[in-house]
Amino acid sequence: MKKISILLFAALLLFACSTTNESTEPVSTVSGEHVDWVYDATIYEVNVRQYTTEGTFSAFEQHIPRLQELGVDILWFMPIQTIGEVERKGSLGSYYSIQNYTEVNSEFGTLADFKSVVEKAHASGMKVILDWVANHTSRDAVWLENEDWYVTDSLGNVEAPYDWSDVAKLNYNNDDMSETMLENMLWWVREADIDGFRCDVANEVPTVFWERATDSLKALKPNIFMLAEAEEPELNSKAFDAYYAWDFHHKMNMVAQGDGNVDSLRASLNKMNTRFDDRAIPMYFTSNHDENSWSGTEFERMGDAVTAFTALSYVLPGMPLIYNGQEVGFDRRLEFFEKDNIDWSAVVSKDEFTDLYK
């Protein structure tokens, strides 16, 4: 607790001190720019496959009362649609290699099971958002019968973005494709009554699509919440409510590892103030599914500073994120393409971290 107190005091200094050339006012959000429940909300990321031994919606649903008591406001579900089989990674594949946008992965249960989770979450005062992968599909997606819906190389082969060999990049110059993408997003709001989307690699999709999508979604359900997995001001001017505070996250890791100091945190906050409109909400995090699986747990990256930076992510203006298991001090990397569930009872520091997050 002493370490936490020291860092919180440092956080106050970040905002109280001034510099010659840069503003040190904290990142803020404009009242009325977002739906009421967005302000002061905590987001909780759900990895259904690894959440329980069963890895199903029904098994997860039993945890909702615990998460309500913890103080969670928004449940973010990683993609729950069917996963492609062509060039699949691992035996179960990536959540982000979607075969059919409107079909539920039977590994997790049925659409009725997911709707039950949404209903219980709503009854418990929580909102539900779904991870949306608009940049690409699997390489055996139902859309591949429309070749002009995809980006192709000079030989006519469908391209994979980056080194993501299990997916195919979509072509946003095709109006039919973008219209169908929007209709599929609207389908989930109509069918499952979800409250918004966390949009994967949002900066890889044209901003004009996101602005149109947000307008259409809000026409259907006015209190929609949109989170961009990006740190691009253009996306937050109209389309998105919140963004990933990636730079600040990396600076926290650097400070914890002795490769930076508190001034680097101040500089990162100043950079956000300069780049983003007041309406944009930064989302702070010490871990998420990518960081946990590929970069290491928060304990690997932050060591003894984990509790201090966890506290800091809550006191800064913006939104804090909890990745499932952090609230009990789960300290192992989760497999991404295989079954590898969280053992909720075997964590030594369970009470310490549950009390901290609560």
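Everything that follows concerns the structure shown earlier in this document.
Since the model is a prediction, treat every value here as computed from it, not as a measurement.

Criteria and thresholds
Residues numbered from 1 in each chain as written. Predicted model: local features only at pLDDT ≥ 70, side-chain atom pairs only at ≥ 80, totals over all residues. Heavy atoms only, no water. Helix = DSSP H or I, 4+ residues; strand = E, 2+ residues; numbered from the N terminus. Rg over C-alpha atoms; globule rule 2.2 N^0.38 Å. Buried < 20%, exposed > 50% of the residue type's maximum accessible area, 1.4 Å probe, protein only. Contact = heavy atoms within 4.5 Å. Areas by Shrake-Rupley, 256 points an atom, 1.4 Å probe, with all protein chains shown as cover. Lys, Arg positive; Asp, Glu negative; His and termini not counted. Charge placed at Lys NZ, Arg CZ, Asp CG, Glu CD.

## Side note on the overall build of the chain
Consideration 1: A tally of regular secondary structure across the chain gives 14 helices and twelve strands.
Consideration 2: For the chain, whose C-alpha radius of gyration is 20 Å, the value lies close to the compact-globule estimate of 21 Å for 358 residues.
Consideration 3: With the C-alpha coordinates of the chain rotated into their principal frame, the extents come out at 60 × 50 × 40 Å.
Consideration 4: Buried positions account for 55% of the 358 residues belonging to the chain.
Consideration 5: Long-range pairs, those at least 24 residues apart, make up 74% of the contacts in the chain between residues at least 6 apart in sequence.
Consideration 6: For the chain, the computed accessible surface area is about 14,800 Å², with 48% contributed by carbon and sulfur atoms.
Consideration 7: Between the mean site of the 28 positive side-chain charges and the mean site of the 60 negative ones, the chain shows a separation of 4 Å.

## Some points on helix H9 (residues 246-256)
Consideration 1: Taken across its eleven residues, H9 has eight buried, putting it largely inside the fold.
Consideration 2: Looking at the residues trailing H9, positive phi occurs at Gly258, about 80°.

## Description of helix H13 (residues 306-315)
Consideration 1: In terms of burial, H13 is largely enclosed, as eight of its ten residues are buried.
Consideration 2: Those residues of H13 that fall on the buried side of the exposure criterion are Val306, Thr307, Ala308, Phe309, Thr310, Ala311, Leu312 and Ser313.

Interpretation in functional terms is not warranted from these geometric data alone.
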